[in-house]
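Examining the three-dimensional arrangement
Here is how the chains run, residue by residue.
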Amino acid sequence: MAQKIHIHSASTSSRIRPLPTAQKYYKIFTPGEEVIKSAHTNFLRGHGTYEEKGDLKASVAGVKEQVNKLISVRPLKSRYNGQVGEVLVGRIMEVQQKRWKVDTNSRLDSALLLSSVNLPGGELRRRSVEDQHMMRQYLREGDLISAEVQSVFTDGTLSLHTRSLKYGKLGQGILVKVFPSLVKKCKLHFHNLLFGVSLILGTNGYIWISPPVTNSEGNEGGFVQNLEEVVSKDTREVMGRVRNCILALVQSYMMLYDTSIVFAYEESLKYSVHELLLPEAMLDIAMLTQHRLGMLEDYEFN
């Protein structure tokens, strides 16, 4: 399989190489490096930059982003900075009055208000004192949840909500932590992959891998958590393979989304699950996945 792909790439290398160069590779600025010279005075200083003797310099290691006159440097490794509408995975850290404190890999812990969750059974009513007393029965410390960013407070704290039935408490599965900048923002972050696993790509860098999710459990307000169901060995092996494929892509700093993960999974079938942790196998999978993504983009471009 690898030899066949290599021969095909050699015959089309002159045709597909210019596209990645034009679209994928960016100059990485180091702290103190000049981003804008003093001759260009018509700019606004954004995050990750500072001004010295009229020159705009980078204060972090990252890539330049420009929106009209605003110039900023986005760091390659940073805490998650949430925006309204983004899907994320978090862990309940503390039960407080009328809210839960959630770890979302951001600079400050996020808040999930009692008024921002569906009550068990899907009831629509005002939250009472009894609901406050039962908060720990809904979500307790250590529970993993999927949620959406509802708003951002002035201090940067994220306010979450789980009012849709696709959000709520997570059951059995594998949590993978990656850099938030490697998760590609897409329209859909919930995926039921064809090889038998469900995937939640949290934009905060928390990725959840679980057995296939069905909605046959009924309307329970997103608090269903079945920890007694036995997951088959084949499903656990597929989940472990997907996890190792994600780690292989992260090792090569490749963007994570449904297509890249599916390609990596298909390229990994020639290895056993535990062999995917070897550096040679991880590099091989990342290179083959990059090649297939390049061919796909070249086909769409043409």
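Chains are numbered independently. Their residues run from 1 in the order of the written sequence. Reporting in this predicted model follows two pLDDT cut-offs: at least 70 for local features of residues, and 80 or more for side-chain atom pairs to be given and counted; totals over whole chains, interfaces and linings ignore these cut-offs and use all residues. For the side-chain quantities, the full set of heavy atoms in the structure was used; hydrogens and water were omitted.

1. Section: the sheet that holds strand 6 (residues 62–67)
The criterion for strand pairing is that DSSP finds at least two bridges linking the strands in question. Where helices and strands are cited, they refer to DSSP runs of H or I of at least four residues and of E of at least two residues respectively, numbered from the N terminus. The strand order across the open sheet built from four strands is 1-6-7-3, with neighbouring strands paired in mixed fashion. Each having just a single partner strand, strand 1 (28–29) and strand 3 (44–45) make up the two edges of the open sheet. Relative to strand 7 (residues 70–75), strand 6 is paired through six bridges, and the arrangement is antiparallel. Paired with Lys64 across the strands is Val73, a residue of strand 7.

2. Quick notes on the packing of aromatic side chains
The rule is short: rings of Phe, Tyr and Trp, with Trp giving its six-membered ring, pair when the centres are within 6.5 Å, and they are stacked under 30 degrees, edge-to-face over 60, tilted in between. Counted under the stated rule, the structure contains three aromatic pairs. For the ring pair Tyr167 and Phe190, a centre distance of 5.8 Å and an interplane angle of 55° mean the geometry is tilted. You can see Tyr167 sitting in the loop between strand 12 (158–162) and strand 13 (168–169) and its partner Phe190 sitting in strand 15 (residues 190–193), a full 23 residues away along the chain. Look at Phe195 and Tyr265: their rings are 3.7 Å apart centre to centre, the planes differ by 10°, and that puts the pair in the stacked class. Placement of the pair is Phe195 in the loop between strand 15 and strand 16 (197–201) and Tyr265 in helix 6 (residues 258–267), with a sequence separation of 70 residues. Lying over the aromatic face of Tyr257, Lys184 brings its terminal NZ or CZ to 4.4 Å of the ring centre. Criterion for a charge above a ring: Lys NZ or Arg CZ within 6 Å of the ring centre, and within 35 degrees of the ring normal.

3. Comments concerning the sheet that holds strand 5 (residues 55–58)
Sheet architecture is open: three strands sit in the order 2-5-4, paired in antiparallel fashion. One side of each edge strand has no neighbouring strand; the edge strands of this open sheet are strand 2 (34–36) and strand 4 (49–52). Looking at each pair of strands side by side, their axes are set apart by 45° on average, direction ignored. Note: strand 4 against strand 5, four bridges, orientation antiparallel. Of the residues in strand 5, the one forming a bridge with Tyr50 is Lys57. With axes taken as lines fitted to C-alpha atoms, and helix axes fitted only over the stretch in contact, angles between N-to-C directions fall between 0 and 180 degrees.

4. Section: a nonpolar patch on the surface
Think of a patch as exposed residues, more than 30% relative accessible area, with no salt bridge, where like charges cluster within 9 Å and nonpolar side chains (Val, Leu, Ile, Met, Phe, Trp, Tyr) cluster within 5 Å. For every accessible area listed, the method is Shrake-Rupley and the probe measures 1.4 Å; residues are considered covered only by the protein chains on display. Salt bridges are defined as contacts in which a side-chain nitrogen from Lys or Arg sits within 4 Å of a carboxyl oxygen from Asp or Glu. A cluster of nonpolar side chains, namely Leu44, Val67 and Leu70, defines an oily patch on the protein surface of about 270 Å² accessible area. The residue Val67 is located in strand 6 in this model.

5. Describing the packing of helix 5 (residues 233–251) against helix 6
Helix 6 packs onto helix 5 with a crossing angle of 110° between their chain directions and a minimal axis gap of 9 Å. On the basis of the axis angle, helix 5 is roughly perpendicular to helix 6. In this structure, helix 5 meets helix 6 at a crossing whose hand is right-handed. Residues Val238, Arg241, Val242, Cys245, Ile246 and Leu249 of helix 5 lie in contact with helix 6, whose contacting residues are Ser260, Ile261, Ala264 and Tyr265. Per-class residue counts for the contact of helix 5 with helix 6 are eight nonpolar, one polar and one charged. Each angle gets one of four labels, with under 35 degrees taken as roughly parallel, over 145 as roughly antiparallel, 65 to 115 as roughly perpendicular, and the rest as oblique. Two helices that cross are described as forming a left-handed crossing if the nearer one is turned anticlockwise from the farther one by less than a right angle, and a right-handed crossing if clockwise. Whether two residues are in contact is decided by their heavy atoms, any of which lying within 4.5 Å being enough. Note on residue classes: Ala, Val, Leu, Ile, Met, Phe, Trp, Tyr, Cys and Pro are nonpolar, Asp, Glu, Lys and Arg are charged, and everything else, Gly too, is polar.

6. Side note on the pairing of strand 8 (residues 87–96)
In this structure, strand 8 lies alongside strand 11 (residues 144–152), joined through five bridges in antiparallel fashion. Considered in strand 11, the bridge of Arg91 is made with Leu144. Examined bridge by bridge, strand 8 and strand 9 (residues 99–103) share five bridges and lie antiparallel to one another. Across the sheet, residue Ile92 finds its bridge partner in strand 9, namely Val102.

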